[in-house]
Amino acid sequence: MPTIPAAAARAAVPTPGAERALARVDLGAVEQNSARLRSLLAGGGELCAVVKADGYGHGMVPCARAAVAGGASWLGVATAAEAVELRAADFEVPILVQGALTRTEARAAVEAGADVVAWREGFARAVAAEAGAGTTRARVHVKLDTGMGRLGTADPVEARAVCELVAGDARLELVGLMTHFATADERGDDHFPAQLERFRAFVDEIRSAHPAVIAHAANSAAVFRDPAAHFDLARCGIAVYGLDPFGEDPAARGLEPALALESHLAAVKRFEPGWSAGYGRTWRAERTTWVGIVPLGYGDGWRRGLSNRADVLVGGRRCPLAGTVSMDNVAVELGSETDARVGDPVVLIGAQGEQRILCEEVAQRLGTINYEVTCGLLPRVPRLHEAR
Ligand SMILES: *Cc1c(COP(=O)(O)O)cnc(C)c1O
């Protein structure tokens, strides 16, 4: 006979003041992960902490601060607006805007004193025109597309022409040469070494005329994969947040996940066999059991694709999601023997007791990557930044 505790015991109201759903971000972990990455860059390579997309969903400014405290000496973003926000928060380190910019955005980036990326002469001339009004030169990195097939020119002759234009214009400063890997996280493939070779040849050629120019190519995966890809600067995002660039257990690479996603049991109810939970009745009780309602859903970024596919932690135990994820709620099966009660904490990402749920696990259940899981947490979930 399963023990079913008295329903009356579960009628408590959740702790007043507690958040419905909360993403805790451990800034000590961000600092440690940055220090770890920095230590891997032998030979004086610098760390550019990539904090775009609101710090991969972790909160851009607090994470940027922690990364700098951990040894990052550059910050990387995708958009001009992100660079402007960092400057408004008083960061003085170089900020690299990695994305493609409109003329208006290029002006904003230059005004913020951020570095921009060019691969066409027309864009470099536009940046020069924007810089003309200012007192300092606009800092430019030239991007060669060595096989990512995204931004940058795939033609080394064109890339060289852009370098010469930038170096020869008094309003511009040729700061860096860059490329980006398509398969750094696929160990053993032959595209990565081919990209590395193409980039090295380009760097050697440009440096023979401009010896002070820096080179950078590595993302997080490339830093772990091959020291030959480190060059002068590594642009690391995912690993700064303690997430594994290969989708494996971050602990194996000395990384500590910074983000935990927490909620609580808003309701605990007894289900008879055959009762269903949620839209479409995609889950039914097979026996008499207890179901907990957790007040967060796809309106918070806890994706509907996780319906009946993920576990959460309650009372230090894994409990499976029961039924379709709604916009604001999800049900979990607590089992026929549970002492769970209303208000009990629920961990969706993170540790509770001996158990833990990695972001990498959630990503796998969704058929995506850890990057998308944290970037996908919506603003409705407050971020609580905790120092150590
Ligand atoms: C986002 C981005 C990075 C960071 O990549 P991670 O895999 O998160 O380390 C580096 N370089 C460029 C050009 C990027 O767009």
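Residues numbered from 1 in each chain as written. Predicted model: local features only at pLDDT ≥ 70, side-chain atom pairs only at ≥ 80, totals over all residues. Heavy atoms only, no water.

Focus: the overall build of the protein
For step 1, the next point in the chain: Looking only at helices and strands, the protein features 11 helices and 18 strands.
For step 2, the next point in the chain: Each principal axis of the C-alpha distribution contributes one length, and for the protein these read about 80 × 45 × 40 Å.
For step 3, the next point in the chain: Going through the 388 residues of the protein one by one, you find that 52% of them count as buried.
For step 4, the next point in the chain: In the protein, 67% of the contacts between residues at least 6 apart in sequence involve partners at least 24 apart.
For step 5, the next point in the chain: Accessible area of the protein: about 16,400 Å², with a carbon and sulfur share of 51%.
For step 6, the next point in the chain: Across the protein, the mean location of the 41 positive side-chain charges is 4 Å away from that of the 48 negative side-chain charges. (Helix = DSSP H or I, 4+ residues; strand = E, 2+ residues; numbered from the N terminus. Buried < 20%, exposed > 50% of the residue type's maximum accessible area, 1.4 Å probe, protein only. Contact = heavy atoms within 4.5 Å. Areas by Shrake-Rupley, 256 points an atom, 1.4 Å probe, with all protein chains shown as cover. Lys, Arg positive; Asp, Glu negative; His and termini not counted. Charge placed at Lys NZ, Arg CZ, Asp CG, Glu CD.)

Some thoughts on the site of the ligand
For step 1, the next point in the chain: Neighbouring residues of the ligand: 14 residues in total, closest Lys-52, Tyr-56, Ser-220, Ile-238 and Tyr-371.
For step 2, the next point in the chain: The contact in question runs from an oxygen atom of the ligand to an N or O atom on the side chain of Tyr-56, over 2.5 Å.
For step 3, the next point in the chain: A distance of 3.5 Å separates a nitrogen atom of the ligand from a polar atom in the side chain of His-180.
For step 4, the next point in the chain: Elements with a contribution of two residues or more to the shell around the ligand: helix H2 (52-56) and strand S9 (233-236).
For step 5, the next point in the chain: Of the residues contributing to the shell around the ligand, the split by class is 5 nonpolar, 5 polar and 4 charged. (Near = heavy atom within 4 Å. Polar contact = N/O pair within 3.5 Å; in protein donor to acceptor, adjacent residues only side chain to side chain. Nonpolar A, V, L, I, M, F, W, Y, C, P; charged D, E, K, R; others polar.)

What to know about the domain arrangement of the protein
For step 1, the next point in the chain: Domain boundaries in the protein define domain 1 (6-20 + 266-357) and domain 2 (27-245).
For step 2, the next point in the chain: Taken over C-alpha atoms, the centre of domain 1 sits 43 Å from the centre of domain 2. (Domains from an automatic or database assignment.)

Overview of the pattern of salt bridges
For step 1, the next point in the chain: Counted under the stated rule, the structure contains 27 salt bridges.
For step 2, the next point in the chain: Of the charged contacts, one joins Arg-24 and Glu-262 as a salt bridge, the two residues approaching to 2.8 Å between their closest N and O atoms. Taken as a pair, Arg-24 in strand S1 (residues 21-26) and Glu-262 in strand S10 (residues 259-264) lie far apart in primary sequence, 238 residues in all.
For step 3, the next point in the chain: With a closest N to O distance of 2.7 Å, Asp-115 and Arg-139 form a salt bridge. Taken together, the positions of Asp-115 in strand S5 (residues 115-118) and Arg-139 in strand S6 (residues 138-143) put the pair 24 residues apart, joining distant regions of the chain.
For step 4, the next point in the chain: On the basis of relative accessible area, Arg-139 is assigned to the partly exposed category, the value being 24%. (Salt bridge = Lys/Arg side-chain N within 4 Å of Asp/Glu carboxyl O.)

Thoughts on the environment of Gly-176
For step 1, the next point in the chain: Examined against the element boundaries, Gly-176 turns out to sit in strand S7 (residues 172-178).
For step 2, the next point in the chain: We classify Gly-176 as buried; its relative accessible area is 0%.
For step 3, the next point in the chain: For the pair Gly-176 and Gly-242, spaced 66 residues apart in sequence, the C-alpha to C-alpha distance is 27 Å.
For step 4, the next point in the chain: Apart from residues lying up to four places away in sequence, Gly-176 is in contact with Val-140, His-141, Val-142, Val-213 and Ile-214.

Structural notes on helix H6 (residues 121-132)
Every α-helix carries 3.6 residues per turn, so stepping three or four residues along brings you back to the same face.
For step 1, the next point in the chain: Between its terminal C-alpha atoms H6 stretches 16 Å, which fits the 16 Å expected from 12 residues at 1.5 Å a residue.
For step 2, the next point in the chain: Every buried residue belonging to H6 is among Phe-123, Ala-124, Ala-126, Val-127, Ala-128, Glu-130 and Ala-131, and all of these are buried. (Expected span 1.5 Å × (residues − 1).)

Remarks on the packing of helix H3 (residues 60-69) against helix H4 (residues 80-88)
For step 1, the next point in the chain: The geometry of H3 relative to H4 is characterised by a closest axis approach of 10 Å and an angle of 65° between their N-to-C directions. On the basis of their axis angle, the class for H3 and H4 is roughly perpendicular. Like other packed secondary-structure pairs, H3 and H4 cross with a definite hand, here right-handed. Contacts between H3 and H4 involve Met-60, Val-61 and Ala-64 from the former and Glu-82, Glu-85 and Leu-86 from the latter. (Axes fitted to C-alpha atoms, helices over the stretch in contact; angles between N-to-C directions. Parallel < 35°, antiparallel > 145°, perpendicular 65-115°, else oblique. Left-handed = near helix turned anticlockwise from the far one by under 90°.)

Considerations on the packing of aromatic side chains
For any pair of aromatic rings, the description consists of the separation of the ring centres together with the inter-plane angle of the planes.
For step 1, the next point in the chain: Enumeration according to the criterion identifies 6 aromatic pairs in this entry.
For step 2, the next point in the chain: Positioned over the ring face of Phe-246 is Arg-187, at 4.2 Å from the centre of the ring. (Phe/Tyr/Trp six-rings, centres within 6.5 Å; stacked < 30°, edge-to-face > 60°. Lys NZ or Arg CZ within 6 Å of the ring centre and 35° of its normal.)

Thoughts on the side chain of Ser-34
For step 1, the next point in the chain: You can see Ser-34 is positioned in helix H1 (residues 27-40).
For step 2, the next point in the chain: The contacts of Ser-34, once residues within four sequence positions are left out, are Leu-47, Ala-67, Gly-70 and Val-240.

Section: the packing of H6 against helix H7 (residues 156-167)
For step 1, the next point in the chain: Across the interface, H6 lies against H7 with an axial gap of 9 Å and an inter-helix angle of 15°. Relative to H7, H6 is oriented roughly parallel. Crossing of H6 against H7: the hand is right-handed. In this structure, H6 contributes Glu-121, Ala-124 and Arg-125 to the contact, and H7 contributes Ala-161, Val-162, Leu-165 and Val-166.
For step 2, the next point in the chain: When the residues that make up the contact of H6 with H7 are grouped by side-chain class, the tally is 5 nonpolar, no polar and 2 charged.

A word on the nonpolar core
For step 1, the next point in the chain: Leu-86 and Trp-302 are the most contacted members of the largest nonpolar core, which totals 114 residues.
For step 2, the next point in the chain: When residues are assigned to domains, this core turns out to be shared by domain 1 (6-20 + 266-357) and domain 2 (27-245), each giving three or more.
For step 3, the next point in the chain: The contacts of Trp-302, once residues within four sequence positions are left out, are Leu-261, Leu-296, Gly-297, Ala-310, Leu-321, Val-325, Leu-348, Ile-349 and Val-362.
For step 4, the next point in the chain: Formed by 8 residues, the second largest nonpolar core is a distinct cluster that contains Cys-48, Val-117, Val-175 and Met-178. (Core = buried A, V, L, I, M, F, W, Y, C linked by side-chain atoms within 4.5 Å.)

Some words on unusual backbone geometry
For step 1, the next point in the chain: Of note in this structure, Asp-54 is not a glycine but carries a positive phi near 50°.
For step 2, the next point in the chain: If you trace the backbone, Asp-54 turns up in helix H2.
For step 3, the next point in the chain: Residue Asp-54 is classed as partly exposed on the basis of its relative accessible area, which comes to 41%.
For step 4, the next point in the chain: Its identity is not glycine, yet Asn-308 carries a phi of approximately 60°, on the positive side.
For step 5, the next point in the chain: By secondary structure assignment, the location of Asn-308 is in the loop between strand S12 (289-294) and strand S13 (311-314).

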